[in-house]
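Reading the structure
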Amino acid sequence: MRTAFIPGANLSKGEIPLILRTHYSGEIRPEMDGSEVTLAGHVHEIRDLGGICFLVLRDREGLAQVTVLTKRADRNLVETVRGVSRESVVLVRGRVKAEPKAPNGFEILPEAVEVLSRADSPLPLDPTGKVGAELDTRLDARFLDLRRPTSMAVFKIESAVMRSLRNTFYENGFIEVCTPKIVATATEGGTALFPISYFEREAFLNQSPQLYKQMLMATGLDRVFEIGPIFRAEEHDTRRHLNEAISVDVEVSYADHEDVMSLLENAVSSAYRYVSESCERELRILGVELDVPKTPFRRITYTEALEMASDSGKKSMEWGDDIDTETEHYLGSVIGEHYFLTDWPSSVKPYYTQPYDDKPEICKGFDLMHPTMELASGAQRVHDYDLLVSRIKEKGLNPESFEFYLKPFRYGMPPHAGWGLGLARLVQTMLGLENIRDAVLFPRDRRRLVP
RNA sequence: GUCCGGAUGGUGUAGUGGCCUAUCAUGAAGCCCUGUCGAGGCUUCGACCCGGGUUCGAAUCCCGGUCCGGGCGCCA
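Each chain carries its own residue numbering, running from 1 in the direction its sequence is written. A letter from A marks each chain and a number from 1 marks each ligand, given out in the order of writing. Reporting in this predicted model follows two pLDDT cut-offs: at least 70 for local features of residues, and 80 or more for side-chain atom pairs to be given and counted; totals over whole chains, interfaces and linings ignore these cut-offs and use all residues. Only hydrogens and water are removed before side-chain values are computed, so all heavy atoms of the structure are retained for them.

Quick look at the overall build of chain A now. Helix and strand labels come from DSSP, where a helix needs a run of H or I of at least four residues and a strand needs a run of E of at least two; each type is numbered from the N terminus. Counting its regular elements, chain A contains 12 helices and 16 strands. When the backbone C-alpha atoms are referred to their principal axes, chain A occupies close to 85 × 55 × 40 Å. Only protein chains enter the accessibility calculation, which uses a 1.4 Å probe. A residue is then buried if its area is under 20% of the maximum for its type, exposed if over 50%, and partly exposed in between. Expressed as a percentage of its 451 residues, the buried residues of chain A come to 49%. Throughout, a contact is declared for two residues whenever any of their heavy atoms are within 4.5 Å. A sequence separation of at least 24 residues applies to 64% of the contacts in chain A between residues at least 6 apart. For chain A, the accessible surface area stands at approximately 22,200 Å², while carbon and sulfur atoms represent 50% of it. Mean positive and mean negative side-chain charge positions of chain A (55 and 69 charges, respectively) differ by 7 Å. Per-residue and other accessible areas were derived by the Shrake-Rupley procedure at a 1.4 Å probe size, with only the shown protein chains allowed to occlude residues. For the charge count, each Lys or Arg is scored as positive and each Asp or Glu as negative, with His and the chain ends excluded. Every charge is mapped to an atom, namely NZ of Lys, CZ of Arg, CG of Asp or CD of Glu.

Put into structure tokens, the structure is as follows:
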């Protein structure tokens with residue numbers, strides 16, 4: 001009986017009509033007593049007390065109690081409400097009643113209830129959260145897991161984070177770009193790539209937009225950013241690695257590593273501030289109190305970090321080693337806030353990292369660290385063609401396979417710097433999520449390819 | 001890849017050789033109930049990851065496998 005419902009939205013120009021609903025439940029206030037509304041969403045719970053029956057409807061913005069006085073209400077309506085299964089999709093038209101005994105101080109007295117889609121039973125997990133579910137179970141039924149307010153809140157916050165990052169970039173004169181994810185080179189060095197079949201040739205999923213965003217510096221675009229997927233075929237098995245991740249990448253011409261570190265700390269700090277201001281409800285649902293990290297973040301050189309680590313009494317690291325996980329955790333526990341690790345040995349960082357002129361054994365590369373893990377890494381890049389070629393050779397790579405990348409460096413390449421930031425790690429650390437999979441809608445790891 | 005731990009109804013769990021035709025909660029089906037808000041009460045339904053082995057007897061012990069969680073490694 002679709003005709004029972006009259007979409008009541010008064011649309012302003014450009015607004016998307018709410019086809020069936022007039023309000024989200026979070027928009028209803030006790031002061032709206034008497035007004036007619038149409039809600040749409042999933043059946044969160046039904047509590048049938050006999051003479052009175054409560055149907056709790058859940059939508060993106062909250063819960064609304066629909067109250068049916070079973071002896072007085074329309075018989076068909078009572079049958080519909082009593083017969084509907086949990087998590088079915090329903091449309092409810094009715095009047096708002098201010099009611100102190102109801103949650104949030106209001107309830108809906110329904111005039112019509114329509115079941116738009118009936119949910120099967122039993123459910124693969126309990127979306128009300130009364131009974132827990134393990135991560136694996138939740139990911140197998142992610143669509144249902146995301147109906148749990150705690151799971152949904154993470155992704156509302158992630159959206160706010162992306163929005164804030166984009167704001168920061170646009171405010172600083174950046175242009176958003178999209179670089180290819182299907183690439184020909186397997187020889188960037190380091191990480192394993194996913195090979196794919198590309199007509200008669202072999203191709204790969206890109207591990208990073210690094211080479212492309214650098215090439216864009218030769219176009220005069222000057223300041224670019226990209227938020228997009230990266231793919232790594234490493235068989236890692238940790239709670240902070242996935243084989244597909246979203247990377248927030250920037251590249252800036254006429255800038256050095258200090259300039260882009262400053263951009264990075266401001267972007268991160270602003271994201272925290274924006275989330276704390278715009279996602280109060282989500283933070284409350286998650287029980288998270290955000291401390292906006294103060295800028296500037298501490299700078300610690302690689303060499304200082306090694307000295308701090310030697311105080312810990314742990315097995316000592318040699319200068320020139322990459323910093324291992326144990327040391328990383330130790331430093332995090334001592335420092336206790338975001339910090340930059342700077343002035344790395346040139347041997348540890350990629351070939352495109354600019355060495356210091358006066359001390360070429362160290363370079364202008366940096367990592368942004370959260371006390372628990374690395375969030376981002378960046379550098380001032382090598383923009384001199386000859387230096388770049390010799391650095392590629394030093395790393396044991398063949399410059400010929402980088403011809404497409406090296407070419408722009410011969411025709412006017414400005415000095416430039418940039419970084420790449422892991423979006424899910426930023427959200428994971430911001431919200432204190434134990435596993436990065438909690439911060440990704442449909443995570444891809446060594447074993448999980450579905451859903 | 002490696003080390004440690006784990007796998008019991010749809011979900012989350014108890015259960016260290018016989019007391020287990022397996023506990024509790026949630027759920028589902030049915031009944032009672034006019035203010036629930038993790039509603040309550042009564043009845044019913046539904047499970048020991050797979051394959052070998054030990055034993056009179058295995059959810060429980062052993063071996064192999066699969067999968068899951070955590071640590072490390074890998075991750076320029």
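A residue's pLDDT is the confidence the predictor assigns to it, expressed on a 0 to 100 scale. Averaged over all residues, the pLDDT of chain A equals 92, while 94% of them reach at least 70. Predicted confidence for residues 1-9 stays below pLDDT 50, and this span has 19 contacts to residues more than four positions away or in other chains. The complex prediction reports pTM at 0.92, with the ipTM value standing at 0.90.

Right, let's talk about the protein's contact with RNA strand B for a bit. In the vicinity of RNA strand B there are 50 residues, among which Arg47, Glu107, Arg239, His241 and Thr325 approach most closely. It suffices for a single heavy atom of a residue to lie within 4 Å of a molecule or strand for the residue to be listed as near it. Near the protein, within 4 Å, the atoms of RNA strand B are sugar or phosphate in 59% of cases. Polar contacts, as counted here, are pairs of nitrogen or oxygen atoms within 3.5 Å of one another; within protein the pair requires one atom able to donate a hydrogen and one able to accept it, and residues that are adjacent in sequence qualify only if both atoms are side-chain atoms. One of the side-chain nitrogen or oxygen atoms of His241 is found 2.4 Å away from a base oxygen of RNA strand B. Sorting the residues of the surface near RNA strand B by element identifies strand S1 (36-48), strand S2 (52-59), strand S3 (62-69), helix H2 (135-140) and helix H9 (325-335) as the ones contributing at least two each. Looking at the surface near RNA strand B element by element, the count peaks at 3 residues for S1. The classification used treats Ala, Val, Leu, Ile, Met, Phe, Trp, Tyr, Cys and Pro as nonpolar, Asp, Glu, Lys and Arg as charged, and all other residues, Gly among them, as polar. Residues of the surface near RNA strand B, tallied by class, amount to 14 nonpolar, 15 polar and 21 charged.

For the rest of this paragraph, the subject is the side chain of Thr67. Secondary-structure assignment places Thr67 in strand S3. Given a relative accessible area of 4%, Thr67 falls into the buried group. At 2.8 Å, the side chain of Thr67 and the side chain of Glu107 are in polar contact.

Take the pairing of strand S16 (residues 416-422) next. The buried fraction of S16 is high, at 6 of 7 residues. In this structure, strand S11 (residues 244-253) lies alongside S16, joined through 7 bridges in antiparallel fashion. Residue pairing in the sheet places Ser247 in a bridge with Gly422 of S16. Here a strand pair is declared whenever DSSP counts at least two bridges between the two strands. With 5 bridges joining them, strand S15 (residues 373-380) and S16 adopt antiparallel strand pairing.

For any pair of aromatic rings, the description consists of the separation of the ring centres together with the inter-plane angle of the planes. Ring geometry is summarised as follows: Phe, Tyr and Trp rings, the Trp one being its six-membered ring, pair when their centres sit within 6.5 Å, and such pairs are stacked at plane angles under 30 degrees, edge-to-face over 60 and tilted between the two. With the rule as written, the count across this model stands at 15 aromatic pairs. Measuring from centroid to centroid gives 5.5 Å for Tyr170 and Phe225, while their planes differ by 80°, and the two rings are edge-to-face. A residue pair is termed long-range when its members are at least 10 positions apart, and Tyr170 in helix H4 (residues 149-171) and Phe225 in strand S10 (residues 223-231) qualify at 55 residues. With centroids separated by 5.4 Å and ring planes inclined at 40°, the aromatic side chains of Tyr302 and Trp344 adopt a geometry described as tilted. You can see Tyr302 sitting in helix H8 (residues 302-311) and its partner Trp344 sitting in the loop between strand S13 (339-342) and strand S14 (365-370), a full 42 residues away along the chain. Summarising the burial analysis for this pair, Tyr302 and Trp344 share the class buried. Each member of the aromatic cluster is reached from another via a ring pair, and the members are Phe169, Tyr170, Phe174, Phe225 and Trp419. For a lysine, the NZ atom is tested; for an arginine, the CZ atom; a charge sits over a ring if that atom is within 6 Å of the ring centre and within 35 degrees of the ring normal. Taking NZ or CZ as reference, Lys349 lies 4.4 Å from the ring centre of Trp344, over its face.

A contiguous nonpolar patch, built from Ile182, Tyr198 and Phe199 and spanning about 350 Å² of accessible area, is present on the exposed surface. With a relative accessible area of 44%, Ile182 lands in the partly exposed category. Residues enter patches when they are more than 30% accessible in relative terms and free of salt bridges; like-charged ones are connected within 9 Å and nonpolar ones (Val, Leu, Ile, Met, Phe, Trp, Tyr) within 5 Å. By salt bridge we mean one thing: a side-chain nitrogen of Lys or Arg within 4 Å of a carboxyl oxygen of Asp or Glu.

Moving on: the sheet that holds S13. As summarised here, the arrangement of the 8 strands in space is S6-S10-S11-S16-S15-S14-S13-S12, forming an open sheet in which the pairing is mixed. Where the open sheet ends on each side, the last strands, each with one partner, are strand S6 (175-176) and strand S12 (298-301). Sheet topology places S10 next to S11; 9 bridges connect them, and they run antiparallel. Residue pairing across strands places Pro229 opposite Ile246, the latter belonging to S11. The strands that H4 touches are S6, S10, S11 and S16; relative to S10, the one it contacts most, it runs at about 150°. Where helices are involved, their axes are fitted lines through C-alpha atoms of the stretch in contact, as for all axes, and angles between N-to-C directions lie from 0 to 180°. The strands touched by helix H12 (residues 423-431) within the sheet are S11, S14, S15 and S16, with S15 carrying the most contacts at an inclination of about 135°.

Turning to unusual backbone geometry, a few remarks are in order. Most peptide bonds take the trans configuration, and most residues that are not glycine carry a negative phi. A cis amide bond links Thr295 to the next residue, Pro296, at an omega of -5°. You can see Pro296 is positioned in the loop between helix H7 (280-286) and S12. A cis geometry characterises the amide bond from Val450 onward to Pro451, with omega recorded as 0°. Considering the arrangement of structural elements, one finds Pro451 in the segment after H12. Despite not being glycine, Glu87 shows a phi value in the positive range, around 75°. The topology assignment puts Glu87 in the loop between helix H1 (75-83) and strand S4 (89-98). According to the relative accessible area criterion, Glu87 is buried, its value standing at 2%. Of note, Phe199 is a non-glycine position whose phi angle comes to about 50°, a positive value.

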